[in-house]
Amino acid sequence: QVQLVESGGGLVEAGGSLRLSCVASGSIFRFNALGWYRQAPGKQRELVATITSGGDTNYADPVKGRFTISRDYAKNTVYLQMNGLKPEDTAVYYCKYNTISPFTPQSTYWGRGTQVTVSS
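Nothing here was measured: the structure is a model prediction, and the numbers come from that model.

**Comments concerning the overall build of the protein**
Next up, step 1: Across its full length, the protein carries zero helices and 11 strands.
Next up, step 2: Relative to the globule expectation of 14 Å for 120 residues, the C-alpha radius of gyration of the protein, 14 Å, shows essentially globular dimensions.
Next up, step 3: Once the C-alpha set of the protein is aligned to its principal axes, its extents read approximately 45 × 25 × 25 Å.
Next up, step 4: Here the protein, with 120 residues, has 42% of them falling under the buried criterion.
Next up, step 5: Here the contacts in the protein between residues at least 6 apart in sequence split such that 54% fall between residues at least 24 apart.
Next up, step 6: Computed over 12 positive and 8 negative side-chain charges, the inter-centroid distance for the protein is 5 Å.

**A short note on the environment of arginine 38**
Next up, step 1: Along the polypeptide, arginine 38 turns up in strand S4 (residues 32-39).
Next up, step 2: Residues arginine 38 and arginine 71, 33 residues apart in the sequence, show an inter-C-alpha distance of 18 Å.
Next up, step 3: For arginine 38, the contacting residues outside a window of four places in its chain are Gln44, Arg45, Glu46, Val48, Pro62, Val63, Phe67, Glu88, Asp89, Ala91, Val92 and Tyr93.
Next up, step 4: A polar contact is formed between the side chain of arginine 38 and the side chain of aspartate 89, at a distance of 2.9 Å.

**Some details on the side chain of lysine 96**
Next up, step 1: Mapped onto the secondary structure, lysine 96 falls in strand S9 (residues 91-99).
Next up, step 2: At 12 Å, glutamate 6 is the nearest oppositely charged side chain to lysine 96, a buried residue that forms no salt bridge.
Next up, step 3: Once residues within four sequence positions are removed from consideration, lysine 96 is found in contact with Leu4, Ala33, Leu34, Gly35, Tyr37, Thr108, Tyr109 and Trp110.

**Side note on the packing of aromatic side chains**
Next up, step 1: For the structure on display, the rule yields three aromatic pairs.
Next up, step 2: On the numbers, 6.2 Å between centres and 65 degrees between planes, the contact of phenylalanine 29 with phenylalanine 31 is edge-to-face.
Next up, step 3: With 6.2 Å between their ring centres and 45 degrees between their planes, tyrosine 97 and tyrosine 109 make a pair best called tilted. One end of the pair, tyrosine 97, is in strand S9; the other, tyrosine 109, is in strand S10 (residues 108-110), with 12 residues separating them in the sequence. You'll find tyrosine 97 and tyrosine 109 in the same group, each marked buried.
Next up, step 4: Positioned over the ring face of tyrosine 94 is arginine 45, at 3.7 Å from the centre of the ring.

Cut-offs and rules
Residues numbered from 1 in each chain as written. Predicted model: local features only at pLDDT ≥ 70, side-chain atom pairs only at ≥ 80, totals over all residues. Heavy atoms only, no water. Helix = DSSP H or I, 4+ residues; strand = E, 2+ residues; numbered from the N terminus. Rg over C-alpha atoms; globule rule 2.2 N^0.38 Å. Buried < 20%, exposed > 50% of the residue type's maximum accessible area, 1.4 Å probe, protein only. Contact = heavy atoms within 4.5 Å. Lys, Arg positive; Asp, Glu negative; His and termini not counted. Charge placed at Lys NZ, Arg CZ, Asp CG, Glu CD. Polar contact = N/O pair within 3.5 Å; in protein donor to acceptor, adjacent residues only side chain to side chain. Salt bridge = Lys/Arg side-chain N within 4 Å of Asp/Glu carboxyl O. Phe/Tyr/Trp six-rings, centres within 6.5 Å; stacked < 30°, edge-to-face > 60°. Lys NZ or Arg CZ within 6 Å of the ring centre and 35° of its normal.

Right, dumping it as structure tokens:
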């Protein structure tokens, strides 16, 4: 089992910044990916950014150049630095953990989410 706890959401004006954090605890597999997804009202959950245990990152096109994902391996924590926020970034942001292994089925866990609201 893996537990994920997000923090750092809030209300910010357009153009502002926020930093989200997600702490993972429990049975952390050596090879894994941590990421952020978001879900706006009436829309499907979508990828924001991911980072693997090897440091490879992936970003959704709408956030490239504005958001930066990073992780502290010692603290099992992933961060999402969000700059240049836009009203369309308003959503609940979820942290996701999944294992990476060619030998076993993937295990996936989600956090409860943190609300990010960007006012115009």
